[in-house]
Every structure is written in C-alpha cells, then in structure tokens.
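Geometric and topological summary
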Amino acid sequence: MKIFKFGILVFGFLISSSLIVHANGLVSAKITDGWIEKDQKLIFGLKIDLNKNWKTYWRLPGNAGLEPLFTFDKSENVLAAKIMWPSPIIFGDDNLWSIGYKDSVLIPLEVTPIDTSKPIKLEIQADIGLCEDVCIPVTLNVSYFATPGQNQENYEILGAILSEPIKSDDIGFQPPQCIIKNGELIIEFNEKNVKTGIENIELFVIEVGSSVFYVKSKKAYIFDDRITVSTKNSVETELPGVISRETIKTTIIGSNQSLEFVGCSG
C-alpha cells in the first residue's frame, strides 16, 4: 500500500473520537488520528487496550475463540469501511487454542467517504471476545466526527498496516498447486518461498468459500522442496460442493509475520 502525507492534498480531516472504557479485561477502545491517501480514502486506527495477559481475536479466531463482528450501519457520509487486520499470534494449548492479539492491538481502518468535502460521522459497533482464563463477549460502540482540516500521518497505524499478512502477489511468489478429490483439498507450496516470507510456521488457515480449515504446522509435511497441507487434517468443517480455485485463500501464520496466498493452480 502506498501511503501519502496530507500535505500534498488540498484538504484533510480533523478527527474527534469517543473513548470507551470498560471492565472485564478491557482498558479502553478509541479511534486514533490518521491521514488521507492520494485516492481520498481515509486511514484511521481502532486502538484496543487490554489488561495484562488478556487477549482478543483475529478475524478468524481459531478453534476456541469468538469471531469479531464489526458494523458501520449508523455512520454518515461513509460509502465503505475496510478493516485491515495485523498479523496475529497463536495462543492456548494443543487442544484449546485461538488466533489473536495479546494486551493490545491497533486495527487500521480504511474509510471511503461519499463526499470528501463534507464531514464524516463514523459509528462503529464491534462485538468481540476478550479472554484471560474465561472468554467474555463484549460490545464496543465507538464513534468519531471528522471535519475538513489538518491531518497527519500516524506511524503507529502505518506499522500496523505493514504487519498485515504479506500478499504473495506483491512479492512475486507463484500460487500454490491444489488437488481436489473425494472431499479433500491438498495444497502444495514452494518451501523456499514460504520460508523466505516467514519464520517458524505455526498454522495454515485455509478459506474455501464460507468453510475455514485450521491445520497446525506439525500436520503438514515437506517432500521434494514442497510443503503439503491437507484439509483432512482439520476437523472443523467440510469442503463446499462447489469450489473455485481462484478464490481459495491460505494464510500461513508464523512467529514473526504471516503470508497470504489467494488462488491456486490445478
């Protein structure tokens, strides 16, 4: 993603945000100041601070988490809002594990206004899970009001954007090969590509339509410089009846970063 400072544009937005303070593991949730890009889209951040050792979840929470849900229905002068998820970590034991963030997370938001010359009122309702020893569902209602004015780049948000899963297309990696037969999807990755992008592979998250498969790295195997992963090693769901190879998404989560492949060849 190319980031542009507000100074090269005619106008920006001045942000006023509400601060949510809550019990049960949540210290605060607020919108942090951001900037406007060259294409007039606005970049902000939703900062969620938790008590020490508390956790919340990635867009896909794993086998023991609560899936976060965001709605922007009550917003004004907002055409679209996109959530950009930073690379997560894996926490929990072998049988009861989740995917998410510990202590705090800054989630970048890309907002497309209807009219860039008019104020924006952004209303975010976020239903998230918070977890220490016990997981608690929490609803956040956070809002901000943006009017034409000065704006500036926020390096904390920029860092969160850069920690998104690396897109394989952006770094020239070839798509993996996939075989579909008898209710099983087998995906083969070039070992060198994967290990160039990330270190210490922990989990393969395979999205096929609305079905999600979680395959721990120890259930993948390497042969002839290929890493092979099978949905048969995930018991969470079944393959859909109709599969489009172009839309199969695999996120490989490592200890330092994540790598995302979209599509596979037959």
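Residues numbered from 1 in each chain as written. Predicted model: local features only at pLDDT ≥ 70, side-chain atom pairs only at ≥ 80, totals over all residues. Heavy atoms only, no water.

1. Some points on the pattern of salt bridges
Selection criterion: We define a salt bridge as a contact between a side-chain nitrogen of Lys or Arg and a carboxyl oxygen of Asp or Glu at a distance within 4 Å. Starting at the N terminus, helices and strands are each numbered in turn, a helix being any DSSP run of H or I of at least four residues and a strand any DSSP run of E of at least two. Here the term buried applies to any residue with accessible area under 20% of the maximum for its type, exposed to any over 50%, and partly exposed to those in between, with areas from a 1.4 Å probe on protein chains only.
One pass over the full model with this rule turns up 8 salt bridges. With a shortest N-O distance of 3.1 Å, Glu191 and Lys195 are connected by a salt bridge. With Glu191 and Lys195 both in helix H2 (residues 191-197), this residue pair falls 4 residues apart, about one helical turn. What makes Lys195 partly exposed here is its relative accessible area of 46%. Here the salt bridges share partners, and the residues they tie into one network are Lys47, Asp49 and Glu156.

2. Observations regarding the sheet that holds strand E17 (residues 211-216)
Note the following rule: When DSSP locates at least two bridges between a pair of strands, those strands are taken to pair.
As summarised here, the arrangement of the 5 strands in space is E13-E21-E20-E16-E17, forming an open sheet in which the pairing is mixed. Looking at which strands have only one partner, the edges of the open sheet turn out to be strand E13 (166-167) and E17.

3. Describing the state of the cysteines
A covalent bond between the sulfur atoms of two cysteines is what we call a disulfide. What counts, and what does not: Here, the term disulfide refers to a pair of cysteine sulfur atoms separated by no more than 2.5 Å.
Counted according to the given criterion, the structure contains 1 disulfide. Residue Cys178 pairs covalently with Cys264 via a disulfide, S to S 2.1 Å. A torsion of 70° about the S-S bond marks the disulfide between Cys178 and Cys264 as right-handed. One end of the pair, Cys178, is in strand E14 (residues 177-181); the other, Cys264, is in the segment after strand E21 (258-262), and 86 residues separate them in sequence.

4. Considering the nonpolar core
Note that soluble globular proteins tend to have their nonpolar side chains buried in a common cluster. Definition in use: In these notes, a set of buried Ala, Val, Leu, Ile, Met, Phe, Trp, Tyr and Cys residues joined through side-chain atoms within 4.5 Å is what counts as a nonpolar core.
One finds Ile48, Phe70, Ile99, Leu140 and Val205 to be the most contacted residues of the largest nonpolar core, which totals 41 residues. Ile201, Phe204, Val229 and Leu259 belong to the second largest nonpolar core, which has 22 residues in total.

5. Some details on helix H1 (residues 155-162)
Note the cut-off: The arc in question is traced by the directions running from the helix axis to the C-beta atoms. Residue contacts are counted whenever heavy atoms from the two residues lie within 4.5 Å of one another. Pairs of N or O atoms within 3.5 Å make up the polar contacts considered here, provided that, within protein, one atom can donate a hydrogen while the other can accept it, and that residues adjacent in sequence are counted only when both atoms are side-chain atoms.
Restricting attention to buried positions, one finds in H1 the residues Ile157, Leu158, Ala160 and Ile161. Viewed end-on, H1 has its buried residues packed into an arc of 160°, placing them on one side of the element. Turned more than 90 degrees away from the buried face of H1, the exposed residues are Tyr155 and Leu162. Buried residues along H1 sit in contact with strand E3 (26-36), strand E4 (42-50) and strand E10 (104-113). Measuring from the backbone nitrogen of Glu156 back to the side-chain oxygen at the start of H1 gives 2.9 Å, which picks out Asn154 as the cap.

6. A few points about the confidence of the model for the protein
Any segment with low pLDDT has predicted coordinates that should not be analysed in fine detail. Here is the rule: On a range of 0 to 100, pLDDT expresses the predictor's confidence in each residue.
Here the protein averages 85 in pLDDT, while 89% of its residues score no lower than 70. By mean pLDDT, the top-scoring element of the protein is strand E6 (residues 69-71) (96), and the lowest-scoring one is strand E1 (residues 12-17) (48).

7. Side note on the sheet that holds strand E15 (residues 184-190)
Note the following rule: Here an axis means a line fitted to C-alpha atoms, over the contact stretch when the element is a helix, while the angle between two N-to-C directions is reported on a 0 to 180 degree scale.
The strand order E14-E15-E19-E18 describes an open sheet built from 4 strands, whose pairing is antiparallel. The open sheet terminates on both sides in strands that have one partner only, identified here as E14 and strand E18 (221-223). Between one strand axis and the next, the sheet turns by 25° as a mean value, whatever way the strands run. The pairing of E15 with strand E19 (residues 226-230) spans 5 bridges and is antiparallel. Residue Asn190 lies in a different strand from E19, and its bridge partner there is Arg226.

8. Quick look at the pairing of E14
Taken together, the 5 bridges between E14 and E15 define a ladder with antiparallel strand orientation. Residue Ile180 lies in a different strand from E15, and its bridge partner there is Leu185. If you look at the hairpin formed by E14 and E15, you'll find 2 residues sitting between the two strands, and Asn182 has a positive phi there, around 50°.

9. Examining unusual backbone geometry
At Asn53, a position not held by glycine, the phi torsion is positive, near 75°. Asn53 sits in the partly exposed class, given a relative accessible area of 34%. Of note, Asn77 is a non-glycine position whose phi angle comes to about 60°, a positive value. For Asn77, a relative accessible area of 15% gives the class buried.

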